[in-house]
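Here is what each chain is made of, one letter per residue.
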Amino acid sequence: EVLYMDAGTIYIYLCYGVHWLMNIVTGRQGHPEAVLIRACVDANGPGKLTKRLQITGALNRHSILTSTDVWVEDDGLRFEIIPDKRVGIGYASQEDQDRLWRFIMGGQL
């Protein structure tokens, strides 16, 4: 349901009953699109990120545009973005496994 809300809505859910994962809705209302926030400094995975930033389901449905608890900033740094295949989706079709929908931060530009 949260994915269908306005862009900027924070969508947080519990994965495997263990890790909170944070997404930010990117589509317009009624169009389910979101980006999973996967890492930050000192946290190289989506579960580690939420643990490091002490993010829980309490922020679900808040807006990244108005929240004072979590926000996104542009510090001006630019990095190479390297597309790669997703991991951990062996159950998916080969076509979906081969999609370059994983993005890795490369060197600073």
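In this text the structure is predicted, and so the values were computed from the model without any measurement.

The rules behind these values
- Residues numbered from 1 in each chain as written.
- Predicted model: local features only at pLDDT ≥ 70, side-chain atom pairs only at ≥ 80, totals over all residues.
- Heavy atoms only, no water.
- 1 Å grid on protein atoms, 1.4 Å probe; cavity = no way out; pocket = protein on both sides within 12 Å on 5 of 7 lines; lining within 4 Å.
- Points joined across faces, edges and corners; volume = space filled by probe spheres on them.
- Helix = DSSP H or I, 4+ residues; strand = E, 2+ residues; numbered from the N terminus.
- Nonpolar A, V, L, I, M, F, W, Y, C, P; charged D, E, K, R; others polar.
- Core = buried A, V, L, I, M, F, W, Y, C linked by side-chain atoms within 4.5 Å.
- Buried < 20%, exposed > 50% of the residue type's maximum accessible area, 1.4 Å probe, protein only.
- Phe/Tyr/Trp six-rings, centres within 6.5 Å; stacked < 30°, edge-to-face > 60°.
- pLDDT = per-residue confidence, 0-100.
- Polar contact = N/O pair within 3.5 Å; in protein donor to acceptor, adjacent residues only side chain to side chain.
- Contact = heavy atoms within 4.5 Å.
- Pairing = 2+ DSSP bridges.
- Salt bridge = Lys/Arg side-chain N within 4 Å of Asp/Glu carboxyl O.

Undergrad: Help me understand the layout of surface pockets in this model?
TA: Regions of empty space are outlined by a rolling probe, equal in size to a water molecule, passed over the atoms. Space inside the largest pocket adds up to approximately 2300 Å³. As for the largest pocket, its lining consists of 50 residues, and the residues nearest its centre are V35, L36, I37, R38 and A39. Elements with a minimum of two residues in the lining of the largest pocket: β1 (10-15), β2 (19-25), β3 (34-36), α1 (46-52), β4 (79-84) and β5 (102-108). A total of 5 residues in the lining of the largest pocket trace back to one element, the largest contributor, which is β2. Looking at the lining of the largest pocket residue by residue, the classes come out as 34 nonpolar, 7 polar and 9 charged.

Undergrad: Could you clarify how one ought to interpret the nonpolar core in this entry?
TA: The nonpolar side chains of a soluble globular protein tend to be buried, and buried together. Within the largest apolar cluster, 8 residues are counted, these being I10, I12, M22, I24, I55, L59, I64 and V70. Put simply, the parts of the chain that give this core at least two residues each are β1 and β2.

Undergrad: What is the right way to read the packing of aromatic side chains from this model?
TA: Here the distance between the centres and the angle between the planes together describe a pair of aromatic rings. Going through the model one piece at a time under the given rule, you end up with 1 aromatic pair. Seen in terms of ring centroids, Y11 and Y13 are 5.2 Å apart; in terms of plane orientation they differ by 35 degrees. Their pairing is tilted.

Undergrad: Looking at this model, I keep getting lost on the confidence of the model for the protein chain. Mind explaining?
TA: Caution is warranted with low-pLDDT regions, since their predicted coordinates should not be read in detail. Put simply, the protein chain has an average pLDDT of 93, and 100% of its residues get 70 or more. At the level of individual helices and strands, the protein chain shows its lowest average pLDDT in β5, which scores 89, and its highest in β2, which scores 97.

Undergrad: What should I look at first to understand the side chain of T9 in this one?
TA: Among the secondary structure elements, T9 is positioned in the segment before β1. Of note is the side chain of T9, whose polar atom sits 2.7 Å from the backbone oxygen of D6. Beyond its immediate chain neighbours, meaning those up to four positions away, T9 contacts V2, N23, I24, V25, R61, H62 and S63.

Undergrad: Which parts of the structure should I look at to understand unusual backbone geometry?
TA: A negative phi angle characterises most non-glycine residues, just as the trans form characterises most peptide bonds. Although it is not a glycine, Y16 sits at a positive phi angle of roughly 55 degrees. Mapped onto the elements, Y16 comes out in the loop between β1 and β2. You can call Y16 exposed: its relative accessible area is 77%. Located in the positive-phi region is Q54, a residue other than glycine, with phi close to 55 degrees. Tracing the backbone shows Q54 in the loop between α1 and β4.

Undergrad: I keep staring at the pairing of β1 and nothing clicks. Help me out?
TA: Within a regular beta strand, the side chains point alternately toward one face of the sheet and then the other, so they alternate between its two faces. One ladder, built from 6 bridges, connects β1 with β2; its direction is antiparallel. Bridging across to β2, L14 finds its partner in W20.

Undergrad: How should the pattern of salt bridges be read in this particular structure?
TA: Pairing is possible between side chains of opposite charge, provided their charged atoms come close. Considering all chains together, one arrives at 7 salt bridges under this definition. One salt bridge connects E1 with R61, and the closest N-O pair in it is separated by 3.2 Å. Of this pair, E1 sits in the segment before β1 while R61 sits in the loop between α1 and β4, placing them 60 residues apart in sequence. Judged by relative accessible area, E1 falls into the exposed class, the value being 70%. With a relative accessible area of 40%, R61 lands in the partly exposed category. Connected via shared salt-bridge partners are E95, D96 and R99.

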